[in-house]
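# Structure at a glance
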Amino acid sequence: MTVWRIIEDENCYAVAIYNYNGPSPHLPLEVGELVHCERETEHWYWGRSLRKDGVGAFPKNYVQLRECQVERVGDTVVASAGGSGVVHDIALTLRDWLQHWKKLYTTCDERFKFMEVSMRALLELRAQAASGALPLDQLRRVARTAIFTIDKGNRALDMELAVRNASGQLVNPLHMSTYKLNALHDETNAKIDKNMETTPATPPPTTHPSARCYTVAVKVHNFVCRMTDSAELLLSLHDSSGNKLTEHLMMRWPSPNMSTGQVVFTDLGSEIKREKTFLVCHVVRIGSMAPENVDYRRSMAGVPPPPTSGGGLRRPFGVAVADVTRLLADHSHSPDRHIQAPFYACEKETMDTLLKKVITNRELKETKHQQGLWVSIQLVDGDLKQVREENPHILVSNTAIARKMGFPEVIRPGDTRNDLYVTLCSGSFSRGGVKNSERNIELCARIVDKNGQIVPGVISVGAGVPKVNEYTSLVYYHEDRPRWQETFKVCLGIEEFKEAHLVFLCRHRSSNEAKDRAEKHFALSFLKLMQREGTTTPDKHHTLCVYKIDNKKASTEDIESEAAAACLALPSRRDELPAQSERGLVRGPLSLVHRDSLVVHSKLCSTKLTQREEILGVLKWSTHHAEGTLRQALTRLMHVPSEELVKFLQDILDALFSILTQVPEEQESYTENSYGVLVLESLMRVVSLVADHKYQHFQPVLYAYIDDSFCDALAYEKLISVIVWVITSAEQGELALKRLLQCMKCLECLIRFIVRSRQLRSALGDPQAHEDFRFQFESLMEALVWLMRCGDYALTCQGSALKYLPHAVPHAIKVFPHTELSALVVRALEALPLARLGKQRMLALLELVRGALAQAAPARALLAPHVAHTVKALLMEKVELDREAAHKSRSVDKAARLLGADSSRLHDPTQHQQIVELCVETLGELVTLLARDDVGPVEADRGELAKLLLPTVLRVAANMMRDDRNNDDPLLRRIVSILLDIVRQMSEEQYALVVKALEQETGGSASLVVDALALLQALLQRPVFRAHWADMLHVQHYVMLHALRLISITLCNRLQSIDETDTEGIAAIHSMCRSWFNTCASLASSQPLQLETMRAARRARAAAVCGDVRRAAAVLLRDLWFALGDHKRAFIPCLVGPFLEVSFLCDEEVRITTIPLFFDMMQTEYNHSVSTGDSSESPLKDLESELIDKIDVLVERGSGDVAWRARFVSLCGALCKAATGGLRAAAAALVAAAARQLDTLLQYRAAALKSAISHRMLLTTKVLHFYEHIERPHMYIRYVHKLCDMHRSCHQWAEAGLTLRLHARLLSWLPAPIDQPTQPQTTSERDLKEMLYHEVADLLDQGHQWEVAVEVIKELVEVYEAEALGYAPLADLHSRLAAFYTAMMRTVRSHPGYFRVVYFGKGFPDHLRVPHGFVYRGNEYEQLGDFKERLLDEWPDAEVLPKLDPPGEEVTEADGQYLQINAVEPVMGDKLKRLSGKPISGQILQYYKHNHVNKFIFSRPFHRPEEQLDGSKDDLSVNEFATRWLERTELEISDMLPGILRWFPVVKQRTFWVSPVEAAVEALRDANRALKQLILEARASDAPLQPLTMRLSGILDPAVQGGIVNYERAFLTAAYAEKHPDHAPLLAQLRDLIADQIPLLQFGLDVHGARMPTALEGLHAHMLQCFRRIQNHVHQRYGRKACDFESEAAEVQLRMPPRDRSYTETQANNRVSDISTGTSTDSASKSKFFSFNAAINPLARNSAASNYFGTLNSSPKKKERRRARKSEIGTQASGSQWYTNPVANGTSNSINTSHASNTSLCNRPLNGTSNSINTSHASNTSLASQSDSPLRELRQENFQSPMAARIQNALVTERPLRTEVEQRRMSQRASLVSAPPSNRNSMGTTDSNQEDEEPPPLPEKSVHRSTLDSDHNNNPEPLPPRNNYDTVLTPRGSFLYNSMMRRTSGGISAGQTPPTPPPKKKHQQQHQS
């Protein structure tokens, strides 16, 4: 015995590494499945799967133990292997997605591919996150991408929305307000909706601010080019025009220590992501003038070149360019990806020209290059400080940093720059001296002081290299007009900048080294950095003068320094040259070269030096103040361009505050020219500029200045006084209002300056200053209060004050008590009338609630009530507007017409809607604030808010719910969230205060309870939150439960205090209680709370957040129910439904809580019945009725299960047993009835979900019978109509009508009113019954059940006649009757067959596994094979049993599905027997044979060779006729067919045996009848003659089976008669039937001879010869007999209606016989009568092939399909028996039947002579009278021969010919030889009856599974050949066979390919395999 050891580690988890499938109790595993290991042995684990609810054993080597992240909530466990955080979330997500993904695959959903891509992306992200090798920034990026992918996948699968915080963690709904939770859901949902089109690997795009700073990190991997010299690589970023964006980054090439260099470009603006950007590398060769030619390429990592001897010239070599725009804009770009910047060599053009050519020439860029620069590039957010913090790996010690050539978008405080970028543009130099060739000019730039001395180390040639003393330009060979476009940077201090200037020295570089050393600078140009007024040189192109340096005139040896100092006395730019300067301008060694020029460009990036004189005037305010021009300087500052102001923001502010505090005022009071007012205006100019949208990114700079750099401690005094003067002077004119408006717009920054100044002053420790400040600040606030009270002229200023004051309050709190500040702010808001600036008021309140003032409890105590009162007033205004909108709209329009105004302005709903939205948002922020735990005590605020706003918010939410039909209004969701927050934050004590306040205000709280319950019910019925917002829905239900708990307190109190005599009050409280119970039940049964339907992770989260709300709701229901006390009876039975709905929930605790309430109801109802004396009949009648009704309704919805039934029976049963007296019996009976009903309904529902519609119909009838038994007519009627609808959907019109008739029969013809009429015209039972009868008749008419429809209409006729309702309705009814009767006679009906089906195996539902099976009514033209196919399509996994024997337990108890199918024949009912001997139409008899039947039979043949006759000469064991017994089974079903179903179960089965002689009698009788029918059908001119030919040949020339010889040898012997004396009557019948066959054969030969073509004359002669031989034999042995028509003629009343004599004489010569009949398609031949005696013999019930009302006609539409299939199904025309053979299936040449158009009906003479019937080829006489009457009169003159005259009184029975059916049968076989003989297991299920010699086999084809039952028999030994007279197929070698083969010799050739069989169905392939 295996001993399992318990694993002590509770967190022992394993992952399946192989698939494992084992029998129970093994646990099947799939790869990747996580299992919890609980026990173990040496080789096995016992555990539980976390993917599916399975427990079992599994091998240890199939799994691998893993460390897991486990989360437990109650019984729910969520675990994943691999890690925590995002790794854990991805694992859980993939586990949930897998099941959905499989469903998408099976349903071919288009989302399958999207989910596959998403799952693969998550797997890759999980692998990256779990690797532990990612840096922090990449890990965050992976987490963001994973979360984005998860959200998109959840949305695609309609799964729950996961709400996360900024760090990616799931939020806890209970730790935040409902309003904020709703906002997070909205935000997340909008983000997902916006990004659903992006790929899963792409993170969601983020919305960046308008101003951002970016850094581009470039890693240089290699540079390859053909060059032997050293080089300088100058990297920079350029725009699409070739303009430089950044400084150069210089690298030496090659460099041993820089094989891979990291460079950074910083301070880039947001345009770097929008504009086209190129990475450009200028390659400058350092060496001789001419480069050496090389054929190899050198790399950066190569060996440094040898030093050159050319003097180190900087020569242009080429550029490497790469377009990096897409790489910088693409988030998914990998930073490690290498890109190539192709290298382009510089030939004759300059480097700048080459660069622009490369940028603009696309073809040049797309060519492949082997030389170039290989780099990787990455765009990083932030400046250098941020990059160092977030991406420290980018900035290492040797990283070169290049800044943008210009200011960044934001100039941070402390970011001091003083850079001058100088670009050498071009020059024009004349040839000097006697040199004729152009010079190689090199320019050298230096920074020198006023003495001409070089300022060392101030020139930067590029980042990454040290600063140099001078910059040397490129040298272009023989170019006097070079274009350099080279930029270098000058870095000077402020003081050095004022004293220095820039000097450019020109030098010729010779190719000869010796000459080059002797070359000196020949010219000089210079540029002054400062102008005379103190500003720097402007940013522009400067055309400089070129001065020749004359070395001979030098006074010192350092001629360069002397020239640099002497140039300051000369003009610098050409536009400064004086007049006549072309004549010469000399200063020391310098002389002007008038023709030469040098063009340079300067760009200053400085935060200390300015190029604007206006700014300089303010910065030097002390000088201007001394000069008296300070006011003008302040005024000019207002006109400085904005971009210049923001550059010097800090210096300007320092200067302004210095003026404010240090310059005294000339007057005590302020005027417009006061320094304080001018400074304030300048200050407001600066602040307004920063507040502008264009420069809003400078706001952090301004705030940083205030907090860190501002240092004026006295500024607040002057600033407050100036602001107060500006406010109070608002009445002085338009200019004052503009100043005030500007002041209000800058109020926040001004307050910030005041606060910071006051903080600096407080740091000095002056107590008196504190009191002074309070007084001054209060004066400022009082000025604002005064402003709010002003009139309309200050409306704009008031709006600005409302807008900006709340933003200033959080700063004022720092220096002013928050309580007093809150009071002052509230005073200012209250000073403004409520009707003015409502939107601005609410915006101000919203900002105040969001600010710091509301977070302080004392300040909030003043602010919150004001907010509540304001919001209440505005919301109530909305309610009133909504209520009176319809009444006021007309008045508003009228006033608009009178005033000439626009009505939309008089009443603007949009404006008011915005105010309401602001009110809702403000309330939302307030309740969110009160939900926090870090804002001090909030209970008092919550109570006050609830008391003031709960009724108003409740009413507004109800109105919005009523108006919004779609329930997708965000505003509605927000206000509902606010309401939920108010209720959620309200305790029982606060609720009591609310109720008390309402009672004092309105006199009661009933309206609050009613409104609250109505809103709760509306929210449950029409949820406002979206279905996938799971967290939101859970919180909503959790809060709603709390609300119900609070309301229950009120209800209990009122129930206890209600006056018993106050009937209206009692009714009101009862109504509220009923509403409460219904709402609570709806809450508990709400779909979002059903935890068992959720996935494991979602279930764990829901349980952790809110618990199981259903259990708490059930307890609340129970508590209030028992609190009702004596009022319980008023709630019975209305609360049965709600309680039942809750108890049906799939939670055991809920059921245990609620089920006992039903017994309490029983007890209450019983006690009430006993007390009132109504307990005599049924004390629980009302309760029982309601309980049964609700169980039916709820089970139909899908509620209830077997577990509930067991719990209901156990709990209530135990309570019933404990009861005493009559209650015990009554309650037990009710419990039993409910249990039986639930059993029936659960069986119906379970099968309805899995079975086809026909099985749902069967189960519906069971429910019908149950409700009929317990007398529940209304429920019975409901299921009647449900069953009728199912029949209609299947086009089963007859069954639908018969079903609907059940409802009609329940109604009476009395005019009793109907409680709930379904239609307006059916108000009484009589009207409804009449309407139903008409509908039933229509349905029966569609189903061709006119006989039943006649009964329905006749009943209506009786009612109409009895009540004298008028002749017109009676005429309509009789017209319908006439139409039905006409349809009976003239419409050909194809009567369906019947089939027996028995279901075996446990794979079928229990309701199908009945002992004797079912009898099905087939469809029209449906044969056995078709029926089998239909049933196998319904049960594709089923297998058809080949035998009809009862199977053993290996079949009946197996888990599979097995079917036993065979055809059965209906047994004629009693009504049909009562019609015996009466002239009945064939149509009617056919109908009654196949309809209104409930008994059926089928037979199986068995051979008994032991039945031998000793002493006989004939061995009967070799004669199958003598040993063939029939096992006949008789079935009786539960109802008549057709009925309310198309199949009914067999309720009774009886089996008996039929002896061989009885079978022979039946077979011969059927053969005679079939022959007679064929003869009658062949008489029609258009009928095929081939069937008759083959039947006559088979009887007259039985070469195979011997004909009647077998009967004679088997039965008509003395030995047989002696042994079986009891068979004497049967033997007599057999002899009579043999004798009766001779006249039939003779008549058939006459018809055949009259219509035969010439080709069949030989065959006809042969048949005549055979007939004479047989006739002689029969006459000699059995005597002569007349035609059997004479016995039947007496039963038929023959009459002819009177007709015109001329007509009779005319027609006398044109007809052969009045009893001649035609086919069913011949409109002239209408005789349908035949003898009824011939139709009721027993054998006719078994042989459908020989019985003309037993044949199952095949639909013409199915003929081609069955022909193509060529299966053995087609060989069966009906459910034929073993002893008959249908018309042959073979296809032969059609026999021409056009020679004779009619034939005579006659008998042969008794002496056996044969007289031919002469027919005329040209005559075409009518075969029937033109009369419509089915009765015919036979006249002597109608017969053209004596033979015909002898049978003038004979009646030939005939039915409509089935021409198409016979043609189909004749065309189904391709040859005259059939398959070998085989025994049939069932006479009713075999496909054909085959002979010993049969036609050759068909082409090889698939065998249908439905034919397998014909290949086996109960007798295992082979049977001897069978012989029969009625052989249809001509045997091989016979005369007919040979003659037909001769005619068809030109038929199918030997090489012809047989047709391809149709594809097999699934069950066929399985069976053959």
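Here's a quick rundown of the structure. Because the structure is predicted, anything quoted here is derived from the model rather than measured. (Residues numbered from 1 in each chain as written. Predicted model: local features only at pLDDT ≥ 70, side-chain atom pairs only at ≥ 80, totals over all residues. Heavy atoms only, no water.)

## Section: the overall build of the protein chain
- Of regular secondary structure, the protein chain possesses 65 helices and 35 strands.
- The 1969 residues of the protein chain split such that 55% are buried.
- Excluding contacts between residues fewer than 6 apart, the proportion of contacts in the protein chain whose partners are at least 24 apart in sequence is 75%. (Helix = DSSP H or I, 4+ residues; strand = E, 2+ residues; numbered from the N terminus. Buried < 20%, exposed > 50% of the residue type's maximum accessible area, 1.4 Å probe, protein only. Contact = heavy atoms within 4.5 Å.)

## A few points about the packing of aromatic side chains
- Counting across every chain of the model gives 42 aromatic pairs.
- Measuring from ring centre to ring centre gives 5.7 Å for Tyr18 and Tyr62, while their planes differ by 75 degrees; the resulting arrangement is edge-to-face. Within this pair, whereas Tyr18 is found in the loop between β2 (13-16) and β3 (34-40), its partner Tyr62 is found in the loop between β5 (55-59) and β6 (63-66), the two being separated by 44 residues in sequence.
- By relative accessible area, which is 46% here, Tyr18 ends up partly exposed.
- Taken together, a centroid distance of 4.7 Å and an interplanar angle of 65 degrees make the contact between Phe657 and Phe710 edge-to-face. With Phe657 in helix α16 (residues 649-662) and Phe710 in the loop between α18 (699-709) and α19 (715-728), this residue pair connects regions lying 53 residues apart in the sequence.
- For Phe657, a relative accessible area of 3% corresponds to the buried category.
- Cluster of aromatic residues (ring-pair linked, three or more members): Phe1395, Tyr1399, Phe1404, Phe1414, Tyr1416, Phe1427, Trp1435 and Trp1543.
- Here Lys60 stacks its cationic end above the ring of Tyr45, 5.0 Å away from the centre of that ring.
- Cation over ring: Arg439 sits above Phe522, and NZ or CZ is 4.1 Å from the ring centre. (Phe/Tyr/Trp six-rings, centres within 6.5 Å; stacked < 30°, edge-to-face > 60°. Lys NZ or Arg CZ within 6 Å of the ring centre and 35° of its normal.)

## Description of a negative patch on the surface
- Residues Asp1059, Glu1060, Asp1062, Glu1064 and Asp1126 make up a contiguous surface patch of negative charge.
- Position of Glu1064 relative to the elements: it lies in helix α34 (residues 1063-1084). (Patch = residues over 30% accessible without salt bridge, like charges linked within 9 Å, V, L, I, M, F, W, Y side chains within 5 Å. Areas by Shrake-Rupley, 256 points an atom, 1.4 Å probe, with all protein chains shown as cover. Salt bridge = Lys/Arg side-chain N within 4 Å of Asp/Glu carboxyl O. Lys, Arg positive; Asp, Glu negative; His and termini not counted. Charge placed at Lys NZ, Arg CZ, Asp CG, Glu CD.)

## A closer look at the packing of helix α14 (residues 630-637) against α16
- It is at 13 Å that the axes of α14 and α16 come closest, and there the two elements cross at 145 degrees. Relative to α16, the crossing made by α14 is left-handed. Along the contact surface, α14 presents Leu630, Leu634 and Leu637, while α16 presents Ile652, Leu656 and Ile659.
- Residue composition of the contact of α14 with α16, by class: 6 nonpolar, no polar and no charged. (Axes fitted to C-alpha atoms, helices over the stretch in contact; angles between N-to-C directions. Left-handed = near helix turned anticlockwise from the far one by under 90°. Nonpolar A, V, L, I, M, F, W, Y, C, P; charged D, E, K, R; others polar.)

## Notes on the pattern of salt bridges
- What the rule picks out here adds up to 72 salt bridges.
- Close ionic contact of Arg761 with Glu717 constitutes a salt bridge, the shortest N to O distance being 3.1 Å. In this pair, Arg761 sits in helix α21 (residues 747-762) while Glu717 sits in helix α19, placing the two residues 44 residues apart along the sequence.
- Given a relative accessible area of 14%, Arg761 falls into the buried group.
- According to the relative accessible area criterion, Glu717 is partly exposed, its value standing at 31%.
- For the salt bridge of Asp1406 with Arg1409, the shortest nitrogen-to-oxygen distance reads 3.9 Å.
- The exposure class assigned to Asp1406 is exposed, which follows from its relative accessible area of 61%.
- Overall, the relative accessible area of 29% leaves Arg1409 in the partly exposed class.

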